[in-house]
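# Per-entry structural report
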Amino acid sequence: MSDLYEDKERFLVYRIKDELYASPLLDFKEVIEYIKPKLVPNMPSCFSGMINLRGLIMGVIDLRVKLGIQESNFLKSSMLICETEVGPLAAVIDKVEFVIYVTPSDIQDLKIEGKVQIDCLKGFLQHQDHLITIIDIKKFVSSIENKSVVEQEKAA
Amino acid sequence: MSEFDEELIKSFLEEASDLLGQWEGLCLKLEKEVTSDTLNALFRIAHNIKGSSRAVGLSEVGKFIHIIEDVIVALKEGKCQLTKRKLSMFLEAQTIMQDWFAVLAVESSYKFWPEDFLKSYFSETNQFIEVQEAEQVIADHEEEKVEVKAAPQPVAQKVSEEAKVIPLKKEVKDEVLRVSTKKIDGLLNLIGELSIQQSILENSIQQSSLKDHEALIQSSLNLSRKITKEIYSMAFGLRMTPIGGIFQRLERAIKDLGRDLGKDVDIIFHGNEVEIEKTILDKLIDPLTHIVRNSVDHGLEKNADRESKGKPFKGQISISAIKLDDGVEVVVKDDGKGLDQKRILEKAIEKGLVSADNNLSKEEIFSLIFLPGFSTAEKVTNVSGRGVGMDVVMKTLEEVNGKILVASEEGRGTKFKIMIPTSLSIVDSLIVSVNSDQYVIPIHSLEEVVDVDPSQMKVDDSVYVHRGKVIPFLHLKNVFEGHQVESQNGVFPVLITKVQGKRMALGIDKVLGQHQSVVRTLSSYFEKSFAISGGTILPSGEPGLILNITSICEKYFKYLQTSKEVAA
C-alpha cells in the first residue's frame, strides 16, 4: 500500500461557505472545536480575538472575513491551529471535510487574482466534482492587511 | 567545519565561560591574599581550558593559555612572586578570552591571536617581562612550605551552583540556564508524587462503588492540589539565580577603576544568596556597573583627601541585596563626598530642565540626575562619561519594572536604592472592565485609584482636578473600540499614573479585583496594538490582555502635542 502513496502529499480539505479549500496537512498543528474568542481591541477586522488553548494564548483569524464573506450565520465548527512566522494562530473555518492524497503534478498552477492573494495561492485541484483551491495557509493567516491598526488616539 | 565539531566547540565555550568566571573570582582573591590553594585552582582552570580547547581544535586558544599557564606554574613553584603587574595580566587575559570566546560562539571559524596583549607583557620567547619600577609584591600570607598535594576540588562543585556568565547575544533566543540538580530532583519527586495520586484516583473510579472510596478520593484530590501548587512554585524557581553572580563582576569593575584612578576601595557585599530571575538579573548588570563606577569616579575622594577630612583612608562601597515581599531591593552605598545639591540645580536650570524659580525639595533636586540630557561631569572622562547617563540607568530598570531612588548627604556619601521584581513572569495586577471587556493592569504602573464624580471633570472631560492639580484625563473606552456601552452616570474609578514624570488620569468602568497574573508572551501579531504589553489567563480561564499604560499615555501626550501644534 505504502508505495502507492509514495510521492503523494496529504492535504486537509476544509469548507468556507460553499467553497472548498485545501492546505498541506502537516501545516496544521491541530484541529480544535470552535472556541468563542475574546475580543482584542484595535486590530484588523479579520482578527476576531484570542483564545486560551491549554495555557497558550493565540490570536484567532476569521478566514471568512479574510475572504470577504459578509454573512454572519456560519457553522463555526472548527479552528485550524498553525504555527506561523508570527506565532501560533487559530484560523476559523466552517467545516473540516476530509483528507486527500494528492500527487503534486495534479495541482494546476493557475495564478488567478481573487480573494486569495497571489502569493498565498498554490493552485487548484480537481477532485471528484469539486474544485479545490490550494492555499499556503501559514502565509495566508499571518499576512497583514493594509488597513491594519485602527489608530484611535482619542475619539477625535 | 562539520556540525559535530561545532557542537564540540559550543560545549567547550559553555564550559569555558564558567571557568573564566571563576578565574576572575580567583584573581580577586589573589589580590587580597596569595595562597597556594588559590594558585592551584587558577592553574587547574588554565590547564582545563588548555586541554579542552586543544581537544576541540582551537589550537590558538591552547597556545595562548599555555603562555599564561607558564607564569602560574612559576608562581606555584615559588620561582617568582605575584606582582600587581602579573595580576593585571591575568585579569586582562581573562577579558581577552571572554571577548574571544564570545565571537567564537557566533562564528566558530573565527581566527584570532592577541598580539598586542602578548607584546606588552611577554618577551619574544614568551617570557613574562616584569617592569621594575612598578614592582609591588603582593604580601605572601602563606609560607612556601605548603606542599602542593592533591588539592580539594572546590571548582567542580561550584560549577553547578553558579549561574554562568554568557555574553548577551541578541540573536540567541533560547537561553541556557544552569540549574542545581537539587532543584530538578525536587521537581521530579513532586511530579512522581502527583502521578501516584492520579493512579489512586483512577483506581478508585474503576471500583464498582465510588461511595466507599469517597474519603480516599477526597484526600487524594487535596494532595494533588497541594503538590501541583508546589510544582508550580518550584518550576518557577528554576529560572531564578542568585544575585551573587553579578556581585563578582561589580567587584572587578570597582577594583579595575580604583586601580586606574589610584583609589583604594573597600568593597562590602551582602545578600549574595538572594535569587532573581535570570532575565532581570542580566538587566541589572549595566545599571549597577554604571552606578558603582560613578561612585568610584565621582563619589569617593582620593585616599589622601579622605584622611585630611578625618575619614578612613580607604573609601568604602557597599552593595546589598534584600529580599522583600514584592521583589528585591539592591542598595549601593558609598562614603564619598555626596551629591552636590547646588551644582545639580544650577546644571538643571542651565540645561533648561527646570525653571529658575522652582521650589524643589532636596529629594526632587537629586532626582533631577535621572532626567535625560543631564550629566554633571564637567568634562567627559573616559570613565563615566561614555554617553551613558543616569537616565539610561533609570530606563533600563524601568524595562524590567524596576525603580531607582537616590539619597545623599554632603560629605557623608551617596546611596542608590533600586527596587526590582524578582520575576517578570508574575505581576500583581488589577482586573478592570472597560466597555464590558476585562483588561489587566499591572499595579506597579499605577500610583493610585480614586473614585471620581463626573462633576470633577473639566473642559469637556479632558482634564481632571486631582488634589488641586490639573492633570489630563482620558477614558480608556475611547482607546478601545469594541461594543460601546451606555454613557457613564455617577461615580466611576480613575487610575492615576505617572509617565515621563507627568501625571495622567485614566478612566475605567469598574475595578473587578486584584490578581496575580502569570504573564504569557503573545505572538507578534498582537504587536499591531500599541496598548497591549502581554497576555495572561484570567481566573475564569479566559485569556486576558495586559495593558501597557506607559505606551497609552505616551501616545496620548503625543496626540496632545500635535493637536496643540495644529491649533497654533
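Preceding this paragraph is the structure being described.
Only a predicted model underlies this, so the values are computations on that prediction, with no experimental measurement involved.

Residue and element names in this part refer to chain B. Extensive coverage of strand 8 (residues 426-434) is indicated by the burial of seven of its nine residues. Here strand 8 pairs with strand 16 (residues 510-520) via eight bridges, running antiparallel. When the bridges of strand 16 are listed, V432 appears paired with V511. In the sheet, strand 8 pairs with strand 9 (residues 437-442) via six bridges, with the strands oriented antiparallel. Among the inter-strand pairings, L430 is bridged to a residue of strand 9, identified as I441. In sequence, strand 8 turns back onto strand 9 through a hairpin of two residues, with N435 there showing a positive phi of about 55°.

What follows deals with the nonpolar core. Within the largest apolar cluster, 59 residues are counted, with the highest numbers of intra-cluster contacts made by Y14 and L63 of chain A together with L476 and F480 of chain B. Element by element, the count of residues in this core is highest for helix 15 (residues 549-567) of chain B, at six residues. Sequence-distant contacts of L63 of chain A, that is, excluding residues within four places in its chain, are made with Y14, I16, A91, V92, I93, I137, F140 and V141 of chain A.

Taken together, the contacts link 34 residues of chain A with 32 residues of chain B. Taking both partners together, chain A and chain B bury about 2,800 Å²; carbon and sulfur atoms supply 62% of that area. Remark: the boundary between chain A and chain B carries zero salt bridges. Applying the counting rule to chain A against chain B returns one residue pair in polar contact (both at pLDDT 80 or more).

For the rest of this paragraph, the subject is the sheet that holds strand 5 (residues 56-62) of chain A. Residue and element names in this part refer to chain A. Here we have five strands laid out as an open sheet, ordered 3-6-7-5-4, and mixed in their pairing. Where the open sheet ends on each side, the last strands, each with one partner, are strand 3 (30-33) and strand 4 (47-53). Strand after strand, the sheet turns through a mean of 35° between neighbouring axes, direction not considered. Taken together, the six bridges between strand 4 and strand 5 define a ladder with antiparallel strand orientation. Within strand 5, the residue paired with L53 across the bridge is L56.

The next subject is the sheet that holds strand 7 (residues 413-420) of chain B. All names here are of chain B. The mixed open sheet is built from five strands, whose spatial order is 2-4-5-7-6. The open sheet terminates on both sides in strands that have one partner only, identified here as strand 2 (265-270) and strand 6 (403-409). Taken pair by pair, the neighbouring strands of this sheet meet at an average axis angle of 10°, ignoring direction. Relative to strand 4 (residues 315-324), strand 2 runs parallel, the two being bridged by six bridges. Note on strand 4: the bridge partner recorded for D266 is Q316. Here helix 9 (residues 244-261) sits on the sheet in contact with strand 2 and strand 4, set at roughly 170° to strand 2. Helix 10 (residues 278-299) rests against strand 4, strand 5 (327-334), strand 6 and strand 7 of the sheet, and its axis sits at about 15° to strand 5.

Backbone geometry at K17 of chain A places phi at a positive 55°, although glycine is not the residue there. Inspection of the secondary structure assignment puts K17 of chain A in the loop between strand 1 (9-16) and strand 2 (19-24). Note on K17 of chain A: relative accessible area 33%, which makes it partly exposed. For R467 of chain B, which is not glycine, the phi dihedral falls at a positive 45°. Mapping R467 of chain B onto the fold places it in the loop between strand 12 (463-466) and strand 13 (469-475).

Basis of the calculations
- Residues numbered from 1 in each chain as written.
- Chains lettered and ligands numbered in written order.
- Predicted model: local features only at pLDDT ≥ 70, side-chain atom pairs only at ≥ 80, totals over all residues.
- Heavy atoms only, no water.
- Buried < 20%, exposed > 50% of the residue type's maximum accessible area, 1.4 Å probe, protein only.
- Helix = DSSP H or I, 4+ residues; strand = E, 2+ residues; numbered from the N terminus.
- Pairing = 2+ DSSP bridges.
- Core = buried A, V, L, I, M, F, W, Y, C linked by side-chain atoms within 4.5 Å.
- Contact = heavy atoms within 4.5 Å.
- Buried area = accessible area lost by both parts, 1.4 Å probe.
- Salt bridge = Lys/Arg side-chain N within 4 Å of Asp/Glu carboxyl O.
- Polar contact = N/O pair within 3.5 Å; in protein donor to acceptor, adjacent residues only side chain to side chain.
- Axes fitted to C-alpha atoms, helices over the stretch in contact; angles between N-to-C directions.

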